[in-house]
Amino acid sequence: MAEAMTAEQRRSRAIGIGALLAAGLCLSSAGLITRHVEAADGWQLMFYRSVGMAVVLTAIFLVKERGRIAAPMRAMGWNGVAIAVVMAASMVAYLFALMLTSVANTMFIVSAAPFFAALLGWAFLRERVRPLTWLAIVAAVAGMAVMFTDGFRSGDPAGLFSALFACVTFAMMVVMLRRSRGVDMLPALILASIMSGVVCFFIAADIAVSANDMALGLLMGAVQTAGGFGFTMIGTRRVPAAEASLVLLVEPILSPLWVWIFVAETPSTIALVGGLIVLAAVTLQAVASVAWERRAAAA
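On a predicted model such as this, the values are computed, not experimentally measured, just so you know.

The rules behind these values
- Residues numbered from 1 in each chain as written.
- Predicted model: local features only at pLDDT ≥ 70, side-chain atom pairs only at ≥ 80, totals over all residues.
- Heavy atoms only, no water.
- Patch = residues over 30% accessible without salt bridge, like charges linked within 9 Å, V, L, I, M, F, W, Y side chains within 5 Å.
- Areas by Shrake-Rupley, 256 points an atom, 1.4 Å probe, with all protein chains shown as cover.
- Salt bridge = Lys/Arg side-chain N within 4 Å of Asp/Glu carboxyl O.
- Buried < 20%, exposed > 50% of the residue type's maximum accessible area, 1.4 Å probe, protein only.
- Axes fitted to C-alpha atoms, helices over the stretch in contact; angles between N-to-C directions.
- Helix = DSSP H or I, 4+ residues; strand = E, 2+ residues; numbered from the N terminus.
- Parallel < 35°, antiparallel > 145°, perpendicular 65-115°, else oblique.
- Contact = heavy atoms within 4.5 Å.
- Phe/Tyr/Trp six-rings, centres within 6.5 Å; stacked < 30°, edge-to-face > 60°.

Draft legend 1. Representation of a nonpolar patch on the surface. Taken together, the side chains of Leu 257, Trp 260, Ile 261, Phe 262 and Val 263 present a nonpolar region at the surface, about 480 Å² in accessible area. Take Val 263: its relative accessible area is 31%, and that puts it in the partly exposed class.

Draft legend 2. Up close: the packing of helix H7 (residues 131-154) against helix H8 (residues 157-178). Packing of H7 against H8 brings their axes to within 8 Å, and their N-to-C directions diverge by 150°. In terms of axis orientation, H7 runs roughly antiparallel to H8. Across the interface between the two elements, Met 144, Met 147, Phe 148, Gly 151 and Phe 152 of H7 pack against Pro 157, Leu 160, Phe 161 and Leu 164 of H8.

Draft legend 3. How the structure looks around the packing of aromatic side chains. The final tally for this structure, using the stated rule, is 8 aromatic pairs. Note on Phe 47 and Tyr 48: the rings are 5.0 Å apart at their centroids and 80° apart in plane angle, and the pair reads as edge-to-face. Centroid distance Phe 201 to Phe 202: 5.3 Å. Interplanar angle 85°. Geometry classified as edge-to-face. Phe 201 gets classed as partly exposed once you look at its relative accessible area, which sits at 40%.

Draft legend 4. Seen up close, the pattern of salt bridges. For the coordinates displayed, the defined rule picks out 3 salt bridges. Here Glu 265 and Arg 35 are joined by a salt bridge, their closest N and O atoms 2.5 Å apart. On the criterion of sequence distance, the pair formed by Glu 265 in the loop between helix H12 (250-263) and helix H13 (269-298) and Arg 35 in the loop between helix H2 (30-34) and helix H3 (42-64) is long-range, its members being 230 residues apart. Overall, Glu 265 belongs to the buried group, its relative accessible area being 19%. Residue classification places Arg 35 among the partly exposed residues on the basis of a relative accessible area of 23%. Salt-bridge contacts for Lys 64 lead to Glu 65; the nearest nitrogen and oxygen are separated by 3.0 Å. The class for Glu 65 is buried, based on a relative accessible area of 12%.

Right, here's the structure in full:
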């Protein structure tokens, strides 16, 4: 029986890692998609992204809940509504960051979200932060400082601040999710897509865009966002959190790689140095977290 359980656990872990790799692949496509937009501005693109995301996630939700809507919506409570608001803000800021600065700059800054989540968890949930994590946080902040210095010199600080806002709001969402363990937050994700879509509809001067830009926006919502979050939910249920965060590092690695290969977008040397410092700090933290979890499991 023990061997059967071990085999089942290995299969589940393999499925989880595969799902997380698929999530990273989906999420890493955002920069490449935005680089093929013809004329749509951020609000227009975000509107169609929200539509594609809402349609796909709602279909998944209805199949998963077998048509039940009211009960899961009530279960998420006001905390779910707050999560949706923060998530919508993060998604909008993330897209504008991709459009205002390089993909590498955006991804390196957003990848520091676990550190902001650790700080917020320490401040509001009294969660312990290990000494190595504090060291990694200092390194990540130093790396971001290098990137911002380069951003002010090159004239694109708005994109960096948008990426930082996306990073902080995503970390806020993670901390808020910790308060709702055991509650399905897929309805909150759907609500976030609806909120962002409504806001963009009213802010955009016109939602009429070319067929190319509409298709790219819908593709981003249906595949990059809905697919990325969907696979992440599947993977994180089967793989420990620390190991999952390590696997998901494929996103900030692949995102700059795609635009470098297909559209020849290369970040400045200074920005790349700062970004690599951030990525090294995130990787160190993720590897250490895996080791801590395994030691705890063995004990």
